[in-house]
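Chain by chain, the residues run as shown.
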Amino acid sequence: MRPNATRGGPVRVGRSTVLVTGGLGYIGSHAVPELLDRGWRVRILDNRYRCDADAADALCAMPGVDLVEGDVRYPHAVDRAVQGVEAVVHLAAVCINKSIADPAESLDVNLMGTQHLLDSVSRHGVRRVVFASSASVYGNATQLPMREDGPVDPLTPYCTAKLAGEQLLAFHAQRSALTWLALRFFNVYGPGQPTDAFYTSVILTFVKRLLAGQPPVIDGRGDQSMDFVHVADVARAIGLALDSDASGESLNVGTGRQTTVAELAERLVVAMGADVVPQFRPREVLVARREASVERIAEVLGWRPRVEIDEGLASVLDWIKQHRA
Ligand SMILES: NC(=O)c1ccc[n+]([C@@H]2O[C@H](COP(=O)([O-])OP(=O)(O)OC[C@H]3O[C@@H](n4cnc5c(N)ncnc54)[C@H](O)[C@@H]3O)[C@@H](O)[C@H]2O)c1
């Protein structure tokens, strides 16, 4: 029997430590328990810039977790956190909204923070890095599904930093023992999702209106689409990527299924048993569409999404009901 893993992890005698930067955030709060289950000790580096304080405290109280409070912008803080770890999951970043409002800060954290981390990782002989990249590196897709070997078109400093992060991984790996995978997350949703998330906040907006007995309001015809991937599936992808030997590529983490905003509204109306009809607000809307190709991640990691959209939306509703004052 595996000594440390309780769920699908590798045999690891004497638990190794993985550093999770940004581990107190939304995805981190799901990924950290997954990594513990896979037999890792987890050290979190986070400056508490954007996290739910109660969820963060609960995470830090888990056996096998320790927190280094610090900022990826400061090489000393990064060095302190990297010492003694075997691997890193790099999630720390400021979000896309912030990057539009403050490009310099966004690049400082998302680009220079990644450079500081990879420099430290290379010097300390860390074996493995899993990097949180983003589907936003593709820009407004001209072809669907979005494939990893298809065109990229980063449209904001956030997207530029994500693409550059992937390229910096290749640069540092040439000069060190580092192996790596970058995961291009699509629209991550599920329990605990931030209320101000750039793409997925539409779910919470619609739910709030429905809870107030009002119909969801859809801009334009609602045919802009997203590829919603559940945070539990994302956490599992992170765990698989960390424990894999595959290296040197970027993999989509999506479902391969588009959900339009109009369809989302309909699904939520049904899920909540609401007696309303979604309303349309005529206006010019940039009709962006997203759909991941998920063939490559299935080949490399054997990962396939498990949570269907209706089940995933139900998990968000349950979470909202539990946390409503
Ligand atoms: N959520 C999504 O839909 C999505 C989609 C694509 C990519 N991503 C990427 O996945 C990663 C995790 O996303 P998330 O949704 O959990 O974001 P989040 O904002 O919930 O979490 C980010 C964490 O990083 C920490 N952080 C921010 N700046 C820091 C700094 N300078 N030093 C140390 N820690 C810092 C925050 O305190 C927070 O705990 C990010 O890199 C994000 O860009 C997320």
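Shown above is the structure to which this text applies.
Remember, it's a predicted structure, so these values are computed and weren't measured experimentally.

J.: Can you help me understand the side chain of Arg 128 in this one?
T.: Mapped onto the elements of the fold, Arg 128 is located in strand E5 (residues 128-134). Buried Arg 128, no salt bridge; nearest opposite-charge side chain is Asp 245, N-O distance 6.3 Å. Of note is the side chain of Arg 128, whose polar atom sits 2.7 Å from the backbone oxygen of Ala 246.

J.: Can you walk me through the nonpolar core in this structure?
T.: Within soluble globular proteins, side chains that are nonpolar tend to cluster in buried spots. Ranked by internal contacts, the top residues of the largest apolar core, which has 44 residues, are Ile 27, Leu 35, Val 42, Val 89, Phe 185, Ile 238 and Val 253. Taken together, domain 1 (17-188 + 230-253) and domain 2 (194-227 + 257-323) each give at least three residues to this core, which thus spans both. Once residues lying within four places of it in the same chain are set aside, the contact partners of Ile 238 are Ile 27, Ala 31, Leu 35, Val 89, Leu 91, Leu 183 and Phe 185. Grouped together as the second largest cluster of nonpolar side chains are 24 residues, Val 72, Ala 92, Val 109 and Phe 131 included.

J.: So what exactly am I meant to see when it comes to the site of the ligand here?
T.: The environment of the ligand is formed by 27 residues, the closest being Asp 46, Arg 50, Leu 91, Tyr 158 and Lys 162. Contacts to the ligand include Gly 25, whose backbone N or O atom sits 3.0 Å from an oxygen atom. A distance of 2.8 Å separates an oxygen atom of the ligand from a polar atom in the backbone of Ile 27. Protein contact buries 92% of the 830 Å² of open area that the ligand shows by itself. Of all the secondary structure elements, the ones that give two or more residues to the shell around the ligand are helix H1 (26-37), E5 and helix H6 (157-174). Ranked by the residues each element gives to the shell around the ligand, the list is headed by E5, at 3 residues. Class assignment of the residues belonging to the shell around the ligand gives a composition of 15 nonpolar, 6 polar and 6 charged.

J.: Any chance you could explain the pairing of strand E6 (residues 179-185) here in plain terms?
T.: Within a regular strand, side chains alternate between the sheet's two faces. E6 sits mainly inside the fold: 6 of its 7 residues count as buried. Pairing geometry for E5 and E6, over 7 bridges, is parallel. Among the inter-strand pairings, Ser 133 is bridged to a residue of E6, identified as Arg 184. Of the crossover connections in this fold, the one passing from E5 over H6 to the parallel E6 is right-handed. Note: E6 against strand E11 (residues 249-253), 5 bridges, orientation parallel. Within E11, the residue paired with Leu 183 across the bridge is Leu 251.

J.: What am I meant to see in the pairing of E5 here?
T.: With 7 of its 7 residues buried, E5 lies for the most part within the structure. Of the two faces of E5, the one carrying Arg 128, Val 130, Ala 132 and Ser 134 and the one carrying Val 129, Phe 131 and Ser 133 are both buried.

Conventions and cut-offs
- Counting of residues starts from 1 at the beginning of each chain's written sequence and follows it residue by residue.
- The predicted origin of the model limits local features to residues at a pLDDT of at least 70 and limits the giving and counting of side-chain atom pairs to 80 or more, whereas totals for whole chains, interfaces and linings rest on all residues.
- Each side-chain value is derived from all of the structure's non-hydrogen atoms; neither hydrogens nor water enter the calculation.
- Runs of H or I in DSSP of at least four residues are treated as helices and runs of E of at least two as strands, each being numbered from the N terminus.
- Burial here depends on accessible area, computed with a 1.4 Å probe over protein chains only, as a share of the maximum for the residue type. Under 20% is buried, over 50% is exposed, and the range in between is partly exposed.
- By the counting rule applied here, Lys and Arg register as positive and Asp and Glu as negative, while His and the ends of each chain are not counted.
- Criterion for a salt bridge: a side-chain nitrogen of Lys or Arg within 4 Å of a carboxyl oxygen of Asp or Glu.
- Nitrogen and oxygen atoms within 3.5 Å of one another constitute a polar contact, given that in protein one can donate a hydrogen and the other can accept it, and given that sequence-neighbouring residues count only through two side-chain atoms.
- To form a nonpolar core, buried Ala, Val, Leu, Ile, Met, Phe, Trp, Tyr and Cys residues must be joined to one another through side-chain atoms within 4.5 Å.
- Residue ranges for the domains originate in an automatic or database domain assignment.
- Contact between two residues is taken to exist if any of their heavy atoms lie within 4.5 Å; hydrogens are not considered.
- It suffices for a single heavy atom of a residue to lie within 4 Å of a molecule or strand for the residue to be listed as near it.
- Per-residue and other accessible areas were derived by the Shrake-Rupley procedure at a 1.4 Å probe size, with only the shown protein chains allowed to occlude residues.
- Charged means Asp, Glu, Lys or Arg here, nonpolar means Ala, Val, Leu, Ile, Met, Phe, Trp, Tyr, Cys or Pro, and polar covers whatever is left, Gly included.
- If DSSP finds at least two bridges between two strands, the strands pair.
- Orienting the strands away from the viewer, one traces the path from the first strand over the helix to the second; a clockwise path indicates a right-handed crossover.

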